[in-house]
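# Examination of the molecular architecture
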Amino acid sequence: MSDHLKLELKKAANKLAQGSLTVLSGAGISVASGIRPFRGKGGLWEKYDPEVVVNIDNFHRSPGDSWKMLREIVEVIAEANPNPAHLAVNVLERMGIVRSIITQNVDGLHQKAGSSNVIEFHGSTSRVICLDCSAIFPIAEVDLELIPPPCFNCGGLLKPDAVFFGEAIPPAALLRAHVESQQCDSMLVIGTSGMVEPAASLPAMARNSGALIVEVNPEPSWLTTTSVDIFLQGNAEEIMPLLLAEIKKTAEQ
Ligand SMILES: [Zn+2]
């Protein structure tokens, strides 16, 4: 570890240990769990174009074709496990330091790691929603041999309960995210470059309300120069356990 990183970890830990911390996570936190970001290399997204597969108009036009591809995606996500970054966030939540987790991911890995106060900006593929009667079921209960799978309630069309291209962010999630960003004392941005709205505006919103912003990313991002106070360079699954250890040290003092 470089002396610079060591120093920055200490600086971040001193502040974050004080609590009232909101985490904002993106695709980068789940890469080590085998879930590739939309734009990254490798995995499913080289085979499928997300803007085509995860597009609400295409889904309505031909749900059967969409589900054939979605099934593959949903199964990869269902088999994924949380990595040390998700686990570190959960420990911080149990220590009473993390107050909320805003995630752009649909993989449900924060919850699998044990976290409870998770705001899902883009929904989750761990559930399906019926487009006819609005009933929601766990994906595990759905027979994916039947394509498209019918609703248990009304026989209607089921869709993964994730936000597709062409759909709006759930208003309740958006509202909660705004409140958390304005009320937290610090925000920890993990694995998101903050280029895509509405998540992009949250760190600035938190900062304008007086919060300290810490960023964990492999490379500096747009956020680093616009709204970040402390930048911790590295992969989430490597940096987060280091940060957790440092916060534990600080909290014991
Ligand atoms: Zn239904």
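Residues numbered from 1 in each chain as written. Predicted model: local features only at pLDDT ≥ 70, side-chain atom pairs only at ≥ 80, totals over all residues. Heavy atoms only, no water.

## A closer look at the domain arrangement of the protein chain
Each assigned domain of the protein chain is listed here: domain 1 (1–35 + 82–122 + 168–253) and domain 2 (36–79 + 125–162). On a C-alpha basis, the centres of domain 1 and domain 2 stand 28 Å from each other. Summed over both sides, the interface of domain 1 with domain 2 buries roughly 790 Å², with 54% coming from carbon and sulfur. In this structure, the connection of domain 1 to domain 2 is made through one salt bridge. Taken together, domain 1 and domain 2 are joined by three residue pairs in polar contact (both at pLDDT 80 or more). Here the side of domain 1 that touches domain 2 is composed, by residue class, of four nonpolar, two polar and three charged. (Domains from an automatic or database assignment. Buried area = accessible area lost by both parts, 1.4 Å probe. Salt bridge = Lys/Arg side-chain N within 4 Å of Asp/Glu carboxyl O. Polar contact = N/O pair within 3.5 Å; in protein donor to acceptor, adjacent residues only side chain to side chain. Nonpolar A, V, L, I, M, F, W, Y, C, P; charged D, E, K, R; others polar.)

## Side note on the coordination of the zinc ion
Any two of four tetrahedral donors ideally make an angle of 109.5 degrees at the metal, while pairs among six octahedral donors ideally make 90 or 180 degrees. Binding of the zinc ion to the protein goes through Cys130 (SG), Cys133 (SG), Cys151 (SG) and Cys154 (SG), at separations of 2.3 to 2.4 Å. Considering all four donor atoms around the zinc ion, the spread of angles at the metal, 105 to 115°, places the coordination shape in the tetrahedral class. The sequence motif formed by the donor residues of the zinc ion is C-x2-C-x17-C-x2-C. Residue Cys130 is located in strand β4 (residues 123–130), and its partner Cys151 is located in the loop between β5 (136–138) and β6 (158–162); the two are separated by 21 residues in the primary sequence. Classification of Cys151 by relative accessible area gives buried; the value is 5%. (Donors = N, O, S within 2.8 Å, 3.2 Å for Na, K, Ca; no water. Tetrahedral: all angles 85-135°; square planar, octahedral: opposite > 155°, others 65-115°. Helix = DSSP H or I, 4+ residues; strand = E, 2+ residues; numbered from the N terminus. Buried < 20%, exposed > 50% of the residue type's maximum accessible area, 1.4 Å probe, protein only.)

## Some remarks on the packing of aromatic side chains
A complete count under the given rule lists two aromatic pairs for this structure. Considering the side-chain rings of Phe137 and Phe152, the 4.9 Å spacing of their centres and the 90° angle between planes classify their relative orientation as edge-to-face. On the criterion of sequence distance, the pair formed by Phe137 in strand β5 and Phe152 in the loop between β5 and β6 is long-range, its members being 15 residues apart. On the basis of relative accessible area, Phe137 is assigned to the buried category, the value being 13%. A cation over an aromatic ring shows up here: Lys159 above the ring of Phe164, its NZ or CZ 4.2 Å from the ring centre. (Phe/Tyr/Trp six-rings, centres within 6.5 Å; stacked < 30°, edge-to-face > 60°. Lys NZ or Arg CZ within 6 Å of the ring centre and 35° of its normal.)

## Observations regarding the nonpolar core
The biggest cluster of nonpolar side chains holds 30 residues, and the ones touching the most others in it are Leu188, Ile190, Val214, Leu232, Met240 and Leu243. Counting residues per element, the ones that place at least two in this core are α1 (3–16), β1 (21–25), α6 (84–94), β2 (98–103), β7 (186–190), β8 (212–217), β9 (230–233) and α11 (236–252). It is α11 that provides the largest number of residues to this core, a total of six residues. Contact partners of Leu188, with chain neighbours within four places excluded, come to Leu16, Leu21, Thr22, Val23, Leu24, Val214, Val216, Met240 and Leu243. Counting 24 residues, the second largest nonpolar core, distinct from the first, contains Phe59, Cys130, Ile139 and Phe164. (Core = buried A, V, L, I, M, F, W, Y, C linked by side-chain atoms within 4.5 Å. Contact = heavy atoms within 4.5 Å.)

## Describing the sheet that holds β9
Within the open sheet, the six strands sit side by side as β3-β2-β1-β7-β8-β9. Their pairing is parallel. Strands at the two margins of the open sheet, each flanked by one partner only, are β3 (118–120) and β9. Taken pair by pair, the neighbouring strands of this sheet meet at an average axis angle of 15°, ignoring direction. As defined by bridge partners, β8 adjoins β9 across four bridges and the pair is classed as parallel. Bridging across to β9, Glu215 finds its partner in Phe231. Across the sheet, α1 touches β1, β7, β8 and β9, and the angle it forms with β9 is around 130°. (Pairing = 2+ DSSP bridges. Axes fitted to C-alpha atoms, helices over the stretch in contact; angles between N-to-C directions.)

## Section: α1
Compared with the 20 Å implied by 1.5 Å per residue over 14 residues, the 20 Å span of α1 between its first and last C-alpha is a close match. Within α1, the full set of buried residues consists of Leu5, Glu8, Leu9, Ala12, Ala13 and Leu16. Here the buried residues of α1 occupy an arc of 135° about the axis, which is enough to place them on one side. For α1, exposure combined with an orientation more than 90 degrees from the buried face picks out Asp3, His4 and Leu7. Buried residues belonging to α1 abut β1, β7, β8, β9 and α11. (Expected span 1.5 Å × (residues − 1). Arc of directions from axis to C-beta.)

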